[in-house]
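So you can see what is in the structure, the chains are spelled out below.
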Amino acid sequence: MPKLCGAMVQYPDTSGRLVDYSAVGKALKQNGAHFVVAADPLALVAAKPPSEFGADVVIGSMQRFGVPMWFGGPSAAYLATSKKQVRRMPGRIIGESIDRLGNPAYRLTLQTREQHIRLDKATSNVCTAQVLLANMAGMFAVYHRKDGLQRIAKRTHGLAQLCASEAGKAGMAVTNAEAFFDTVAIDVSPKSAAAVVEELNAKKLNLRALGNTVLINLDETHLESDVHTLIDALKAAGIGGGAATSAASIQVTGEIPASFARTGPFLEQKIFNSITSETEMMRYMHTLQLKDLALDKSMISLGSCTMKLNSVSSLAPCSWPEVGNMHPFAPHSQTAGYRELLESLEKYLISCTGFDACSLQPTSGASGEYAGLLVIRKYQEAQGQGHRNV
C-alpha cells in the first residue's frame, strides 16, 4: 500500500459491532499511513480506547453526553490525537506562568481561525466553535462523575444484551452477537428489512434497515418494557419463531466482553469525581461564571459570536421533548410539525431579507462572509461595476 495516506474506521461500526483493528493499525503504520478512528464516547467509557489498537487520531460527536437530538443537531465534536500529531492540531498557543500560590501554571489556548497567522500552511479553516455544546457535554461528565458515566454505559449495554438475548430466545438471528455495545443487528431474511422497518414505523417503533438486517439502537433512556415491546412487534411481523438461536445464551450483565473491555484509567481529574449533588453542581458552575466577562458585569466590546446571545425564555422550547427528542432519521410521517416549523422560519427570513431562498444549515462564519462577498459582487455587476475585484 505505498500510495495509501491513511484510513478511517468506525468503533463500534455501522452495524453496531465492536471490531479489534489492531491488524489494520499495524499495517498502516508499516506503510507510513495514518489511522483515524471515529468512536462513540459513551462506548469508550466501557470499551478499550482506540489508542490501544494503534489509532493516530480519534474523532466523534459528543451528542450522547447530555445533548438532545434536536432533529440532527447541533452538537459538539471531539478531536484527540497521539503526542506525535499534537503539533499538527490547529491553533495552539501554550504558555507557562505562575499562579497566585506560586505554583507552575500552564495555559492552552486553541485558536480555531489561523489563516491570518499561517496563511497557506494553516491546518484548519474552522472559525466557529461549538462552545455551548462542548460545555453541555463537559458538564454532563462533571455532574454524573466517572462512576455515573460507567453506570450509564453499563445500563445501555445491559439493555442491548437483553434485546439480543430475547431476540435469540424468539428464534431470531443476531448477526453481531459476539461483540456489541448498544446496537443489536437482527437478520430478517427472507423478508425485506425495509418492509419490516416500515411495518414497525406504523406502530411508532423506529428501526434502521441495513442490507437484510434491522438495527436496534438503545440508550440509557429506554426501559426493559421497551425492549419486550419491540421484540413482540418483530415477532408479530413474522420475524423468528423457530428454535432459539445462539444469542439466547447472552447473559444480561452490562459487562463488555473481556477482549474489548476498558481496563485503563480515564477521567481521573478531581472535577470528574467530586460533584455529589445538584447544589454542588450549581455552585461549581457559578464559580466558573464569576471568572467570565458577561453582560451582567460589563459591556462586551466584541461582535460576532459574543452578540449571539439568547434569553433563557427564548431557549426554553429547546428543552421540550417534542423539540429535543426528534431523531434526524425519524420517518417523514413523524416529522411534519418540525418541518413546518423550519419551513415557516425560512419563509419569515426570506420575507425579512428580500432574498429568493434561505438555508438553515449550520455553517461557519466564513460561509456567511463568502455569501456577503457574493452579494456585493452581484450588486457591483448590477451597477455596471463588474470589473471591480472584491
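Throughout what follows, the structure given in this document is the object of discussion.

Rules of the game
- Residues numbered from 1 in each chain as written.
- Predicted model: local features only at pLDDT ≥ 70, side-chain atom pairs only at ≥ 80, totals over all residues.
- Heavy atoms only, no water.
- Disulfide = S-S within 2.5 Å.
- Salt bridge = Lys/Arg side-chain N within 4 Å of Asp/Glu carboxyl O.
- Helix = DSSP H or I, 4+ residues; strand = E, 2+ residues; numbered from the N terminus.
- Buried < 20%, exposed > 50% of the residue type's maximum accessible area, 1.4 Å probe, protein only.
- Axes fitted to C-alpha atoms, helices over the stretch in contact; angles between N-to-C directions.
- Parallel < 35°, antiparallel > 145°, perpendicular 65-115°, else oblique.
- Left-handed = near helix turned anticlockwise from the far one by under 90°.
- Contact = heavy atoms within 4.5 Å.
- Nonpolar A, V, L, I, M, F, W, Y, C, P; charged D, E, K, R; others polar.
- Phe/Tyr/Trp six-rings, centres within 6.5 Å; stacked < 30°, edge-to-face > 60°.
- Core = buried A, V, L, I, M, F, W, Y, C linked by side-chain atoms within 4.5 Å.
- Arc of directions from axis to C-beta.
- Pairing = 2+ DSSP bridges.

Time to look at the state of the cysteines. Applying the stated criterion to the full structure yields zero disulfides. Cysteine cysteine 352 is unpaired, with the sulfur of cysteine 358 as its nearest cysteine sulfur at 9.9 Å.

As a further point, take the pattern of salt bridges. Evaluation of the coordinates by the stated rule reveals twelve salt bridges. Across the pair glutamate 268 and lysine 146 runs a salt bridge whose closest N-O atoms are separated by 2.8 Å. Separated by 122 residues along the polypeptide, glutamate 268 in the loop between α6 (224-236) and α7 (278-290) and lysine 146 in helix α4 (residues 131-169) bring together distant segments of the chain. Classification of glutamate 268 as exposed rests on a relative accessible area of 53%. Between aspartate 232 and lysine 235 there is a salt bridge, with its nearest N and O atoms 3.6 Å apart. You can see aspartate 232 and its partner lysine 235 sitting in helix α6, three residues apart, about one turn around the helix. When its relative accessible area of 44% is taken as the criterion, lysine 235 is described as partly exposed. Taken together, the shared-partner salt bridges in this structure form one network comprising Asp40, Arg64 and Asp182.

Right, let's get into the packing of α4 against α7. Contact geometry for α4 and α7: axes closest at 10 Å, N-to-C directions at 140°. Judged by the angle between their axes, α4 and α7 are oblique. In terms of crossing hand, the pair formed by α4 and α7 is right-handed. On the side of α4, the interface is formed by Met139, Val142 and Tyr143, while α7 contributes Glu278, Met281, Tyr284, Met285 and Leu288. Here the residues of the contact of α4 with α7 sort into seven nonpolar, no polar and one charged.

Here we take up the packing of aromatic side chains. Throughout the structure, instances matching the rule amount to six aromatic pairs. Centre to centre, the rings of phenylalanine 35 and phenylalanine 53 are 6.3 Å apart; their planes meet at 50°, and the pair counts as tilted. With phenylalanine 35 in strand β2 (residues 34-39) and phenylalanine 53 in the loop between α2 (41-46) and β3 (57-61), this residue pair connects regions lying 18 residues apart in the sequence. Among the residues examined, phenylalanine 53 registers a relative accessible area of 3% and is labelled buried. Summarising the aromatic geometry, the rings of phenylalanine 71 and tyrosine 338 are spaced 4.7 Å apart at their centres and angled 40° between planes, so their arrangement reads as tilted. Taken together, the residues span a long stretch of sequence, with phenylalanine 71 in the loop between β3 and β4 (77-81) and tyrosine 338 in helix α10 (residues 336-353) at a distance of 267 residues.

Turning our eyes to something else, we now look at the nonpolar core. In this structure, Tyr11, Phe35, Val37 and Phe65 are the most contacted members of the largest nonpolar core, which totals 42 residues. Counting only elements with at least two residues in this core, the list comes to β1 (6-11), β2, α2 and α4. Residue contributions to this core peak at eight residues, all from α4. With 31 residues, the next largest nonpolar core counts Leu159, Ala170, Met172 and Ala237 among its residues.

Another point: helix α5 (residues 193-201). Of all the positions in α5, only Ala193, Val196, Val197, Leu200 and Asn201 are classed as buried. What you see down the axis of α5 is that its buried residues fit within an arc of 140°, all on one side. Looking at the buried side of α5, the elements it contacts are β9 (208-210), β10 (213-217) and α6.

The next thing to look at is the sheet that holds β3. Judged by pairing direction, the sheet is mixed, and its four strands sit side by side in the order β1-β2-β3-β4 without closing on themselves. Edge strands, defined here as strands with exactly one partner in the open sheet, are β1 and β4. Averaged over neighbouring strand pairs, the angle between their axes works out to 20° when direction is ignored. With five bridges joining them, β3 and β4 adopt antiparallel strand pairing. Counterpart to serine 61 in the pairing with β4 is alanine 77. The strands touched by helix α1 (residues 22-30) are β1 and β2; relative to β2, the strand with the most contacts, the crossing angle is about 150°.

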